[in-house]
Amino acid sequence: GARIHLPLTKCFLAALCVLTTRSGAHASSPERHLNAPRKGRFVKTSLLSSGNLRGGARMADSSAPERPAWLPAVEGSPPLLRPTPMVANTLSGTKVEFRPREGNTIRWYICGPTVYDSSHLGHARTYVAFDMIRRILESFFGYDIFCVMNVTDVDDKIILRARRNHLLAEYRAASPALAQVVSDGKEELVNAQASYHAKVAKLEAGLAAETRSGMRQGIQEELDTAHYKHRLVVGYEKALQEAEAGAGGDVDALLGKVGDLIAARLDDAKGAEVRDQGIFRAHAAHYEKEYLEDMKLLGVRVPDVLTRVTEFMPQIVKYIEKIIENGFAYEAQGSVYFDIREFSKTHGYRKLSWNAASVLAAMAEGEGALASNEGKKSEMDFALWKKSKGGEPSWESPWGGGRPGWHIECSVMASELLGDVLDVHGGGIDLCFPHHDNELAQAEAYYGHQQWVNYFLHSGHLYIGYQKMSKSLKNFFTIREVLKGGSEMKISEEESVTLPPYSARQMRLLFMMHQWDQPMYFSKDTLDVAVGKEKTFKDFFGMVKALARDDLESVANKVQAWGPDDVALNKRVEETQIAITAALTDNFNTPMALLKMQELVSAVNVYITAAGPDAKFLLINKAACYIGKIFKTLGIDDDCSAFPFVTSQGGGDDEEVLGATLDALCAFRDEVRKGARGKETPEWFTAKAAECRAGTLADLDAKVAGEGGGLPP
């Protein structure tokens, strides 16, 4: 190319400029910023511009303006990057730093519901907890999450419930006589009593022979559960006796009390004859839809992908074939079992429940009530593929007609969408063993590595009456029952209370009050505490919204210079921000975050009372906006553009009524302030209150009363 001729002096200066520019690039590294501030100056002209190349390098002379030196932050300043969350990881048994494999992207699998019945409060606790964690990670910490959740629509529980409901519906349609229902019920009652006594005798014998404390504890828990479930049988017996004595009502009323007992009898006799697979799919689809509706009511965000087992059958078969090929599973009489002994030679098993002493009962429950266990090498081996019997859904496979085992379903669906390593896997603590332990074993056997999940998050049990809430124990409230109200809740063996309706917001506050991975005890008292907290925040945001209605006038007409009280409140806001960041960083500690928000509300209320008309709206607004941001991050009224808590969750014209009410109260407030400055008499204030009540508020009272409500007296 063409040569550029520069005088020697200019070439020297040009080289010096290039070196200066390069040193500036090096100085921009984090190490130089923190440890070695650069003392050089920027040069404004560029040697590489087209004009300079044509006309020679033009340099800045001593008279040209120079950029003042900028000094980087000194070493020891707080880090500018977001804090790293600490999470309770069941795999480690401790709180550990959370670091996704792909930087800012989190690949998360959540164990969804087995849709055989309505979702209860235990489900609500788990999915609201994970919804809050997901929102914190995305909205507070700024991560990007790819969230996959399954729906188990093939399972022993679904098969039994769908089949029994179908047979019971046919039984009802045949219009049996009351005497026939009583007779059928009493025959099945004999079987239920015999089964209970046999189980209790076996457990008591095992307890007497066992010397290890851990094993004894496990057996005792099984025994306690058996006794608790027997209360259902006692209830069936009482209902049948009352019906036989003529005090049990008609057939429909009796079947409402002993329907499960009759259905079990029908299933034993005719269950194998149910061959329509549409019965099972329709049953699962009904409760899947109900579950999704319940989650929407609670404000739980939908996953990015929803997977159903019935849509992954080819992938499940191939996955099992690979595990067999790798030497960790075997076929036996049309079923396929995972080989625990072989797997344990090269891998760790029970990574989540390693210290549980008694696991056989949990393993049996995980295999399902319809498991045959034929051909198993060990009682700890579990089914990857189950040979279908009569009355069960079936898909073709190399081992004959059958269906997948419970645990393999999640391993396959998560692997298909999230790959060979998951950042996060979440579920209820009751799934820890055998389901999640077996998921890990299957995936590691398939991929041939040692760790399929990096962070396993388990939500804590929900207890009612100090016993785990469970469908099998019949000691649960459905989500819809709590939202609707009217359910009876036992507070002792002799006393019950009727629950009023509770809103979704109150439910989320209830769960927010408890650490997500710890046990939670459900009672009317705890619900009422959540209602009280809601009122605190509702009153606060209502007050701030009232002030905001004349915010421009307030700012324009008042002195805005800060005094000591203003400075103190601002410091309190900043301390709250630091404390809440620390709380959410520490294993998503929502109880602590809620406490700090309550304390800030109290501080603002004290400030407003003390400052009176000199209170700074902008400062109050700052505190309210921050609290509102945190609540919306946690899923409270996150779809509302205004402050949370200020609108009813019942819909209607609440916003219109609230606005008119606030206008009336603001006008009354202004009158009271004028009266206070003019030192009016108590009678004057009473008269003004009467005018307010007889004017706008009376009109509003009439409007609300016409809609079934009314303002308080």
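The coordinates are above.
To start, this report covers the structure provided alongside it.

Conventions adopted
- Residues numbered from 1 in each chain as written.
- Predicted model: local features only at pLDDT ≥ 70, side-chain atom pairs only at ≥ 80, totals over all residues.
- Heavy atoms only, no water.
- Helix = DSSP H or I, 4+ residues; strand = E, 2+ residues; numbered from the N terminus.
- Buried < 20%, exposed > 50% of the residue type's maximum accessible area, 1.4 Å probe, protein only.
- Contact = heavy atoms within 4.5 Å.
- Areas by Shrake-Rupley, 256 points an atom, 1.4 Å probe, with all protein chains shown as cover.
- Phe/Tyr/Trp six-rings, centres within 6.5 Å; stacked < 30°, edge-to-face > 60°.
- Lys NZ or Arg CZ within 6 Å of the ring centre and 35° of its normal.
- Pairing = 2+ DSSP bridges.
- Axes fitted to C-alpha atoms, helices over the stretch in contact; angles between N-to-C directions.

### Quick word on the overall build of the protein
Item 1. A tally of regular secondary structure across the protein gives 24 helices and 16 strands.
Item 2. Evaluated residue by residue, the protein yields a buried proportion of 45% over its 713 residues.
Item 3. Restricting the contact set of the protein to residue pairs at least 6 apart, pairs at least 24 apart contribute 74%.
Item 4. Total accessible area on the protein stands at roughly 35,900 Å², and carbon and sulfur atoms take up 55% of it.

### As for the packing of aromatic side chains
Item 1. One pass over the full model with this rule turns up 22 aromatic pairs.
Item 2. The interplanar angle of 90° and the centroid separation of 6.0 Å between the aromatic rings of W108 and F130 together place this pair among those described as edge-to-face. In this pair, W108 sits in strand β3 (residues 105-110) while F130 sits in helix α4 (residues 121-140), placing the two residues 22 residues apart along the sequence.
Item 3. Look at W108 and you get buried, because its relative accessible area is 0%.
Item 4. Against the face of Y228 rests R231, its NZ or CZ located 4.2 Å from the ring centre.
Item 5. For the cation-ring pair, R350 lies above F433, with the distance from its terminal atom to the ring centre recorded as 5.6 Å.

### Topic: the side chain of S388
Item 1. Its place among the elements puts S388 in the loop between β8 (382-387) and β9 (402-404).
Item 2. The exposure class assigned to S388 is buried, which follows from its relative accessible area of 17%.
Item 3. Not counting residues within four places of it along the chain, the set of residues in contact with S388 comprises P393, S394, G401, G402 and R403.

### Some words on the sheet that holds strand β6 (residues 329-332)
Item 1. In spatial order, the strands read β6-β7-β8-β9; together these 4 strands make up an open sheet with antiparallel pairing. On the outer flanks of this sheet lie β6 and β9, each paired with one strand and no other. The average angle at which neighbouring strand axes cross in this sheet is 20°, direction not considered.
Item 2. Bridge count for β6 against strand β7 (residues 335-338) is 4 bridges, and the pairing is antiparallel. Bridge pairing in β7 places A329 opposite F338.

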